[in-house]
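Overview (structure and organization)
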Amino acid sequence: MVKKGLTIVLVCVFVSAALLFSGCRSQSPDHKVEFMVDYIAETLDLNDEQRAQLDGIKEEFIAKAKEMHAQKEAMHAEFMAELRKEEIDQQNLKGLIDQKRAQIDEMIDLAMARLVEFHKTLSPEQREKLVAKVE
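Residues numbered from 1 in each chain as written. Predicted model: local features only at pLDDT ≥ 70, side-chain atom pairs only at ≥ 80, totals over all residues. Heavy atoms only, no water.

With that settled, consider the pattern of salt bridges. Proximity of charged atoms lets side chains of opposite charge pair with each other. In this structure the tally under the stated criterion is 12 salt bridges. Arg51 is the partner of Asp38 in a salt bridge, and the nearest nitrogen-oxygen pair spans 2.7 Å. Of the two residues, Asp38 is situated in helix α2 (residues 29-44) and Arg51 in helix α3 (residues 48-84); the sequence distance between them amounts to 13 residues. Of the residues examined, Asp38 reaches a relative accessible area of 35% and is grouped as partly exposed. (Salt bridge = Lys/Arg side-chain N within 4 Å of Asp/Glu carboxyl O. Helix = DSSP H or I, 4+ residues; strand = E, 2+ residues; numbered from the N terminus. Buried < 20%, exposed > 50% of the residue type's maximum accessible area, 1.4 Å probe, protein only.)

Given below as structure tokens:
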């Protein structure tokens, strides 16, 4: 009787765990970005014009990220080719690293420019909400 009850409890625990963990799958980057845009819009009480500007920024960043991802494949292939060589060409590796740094710097510059533009559209109350969230 105790064994039967214990077996039923264990089966229920395993089924519950399986159902719980099946809902914990990773979301796509696009879904994560959309979630963040919705969160920012809701937190700062953005008007329609501000929301449209934020959506435009989101689309620009998604396009830039896809472009960087496409270049990542080529960089990875070139890096792997260097590893297969008898002797690694340090200048070639340095060039790959410099290229990646340039991409990151470009993304940072874009983010900074869009933040400045978006910040100009915020009301003083929205700016205070933003500061409170960042703190």
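On to the layout of surface pockets. By volume, the largest pocket amounts to about 650 Å³. If you trace the largest pocket, you find 25 residues lining it, with Val37, Ile40, Leu54, Ile57 and Phe61 closest to the centre. At the level of elements, α2, α3, α4 (90-121) and α5 (124-134) are the ones that each hand at least two residues to the lining of the largest pocket. Top element by residues in the lining of the largest pocket is α2. It accounts for 9 residues. (1 Å grid on protein atoms, 1.4 Å probe; cavity = no way out; pocket = protein on both sides within 12 Å on 5 of 7 lines; lining within 4 Å. Points joined across faces, edges and corners; volume = space filled by probe spheres on them.)

Even without being a glycine, Asp45 presents a positive backbone phi close to 50°. The topology assignment puts Asp45 in the loop between α2 and α3.

Here we come to the side chain of Gln103. Relative to the helices and strands, Gln103 resides in helix α4. With a relative accessible area of 6%, Gln103 lands in the buried category. In this view, Gln103 contacts Met68, Gln71 and Met75; residues no more than four positions away in its chain are not counted. (Contact = heavy atoms within 4.5 Å.)

Ranked by size, the top nonpolar core spans 8 residues in total: Val37, Ala41, Leu44, Leu46, Leu54, Ile57, Phe118 and Leu122. Those elements giving two or more residues to this core turn out to be α2 and α3. Once residues within four sequence positions are removed from consideration, Val37 is found in contact with Arg51, Leu54, Asp55 and Lys58. (Core = buried A, V, L, I, M, F, W, Y, C linked by side-chain atoms within 4.5 Å.)

A cluster of nonpolar side chains, contributed by Ile104, Ile108, Met112 and Val116, occupies part of the molecular surface with about 350 Å² of accessible area. If you trace the backbone, Met112 turns up in helix α4. (Patch = residues over 30% accessible without salt bridge, like charges linked within 9 Å, V, L, I, M, F, W, Y side chains within 5 Å. Areas by Shrake-Rupley, 256 points an atom, 1.4 Å probe, with all protein chains shown as cover.)

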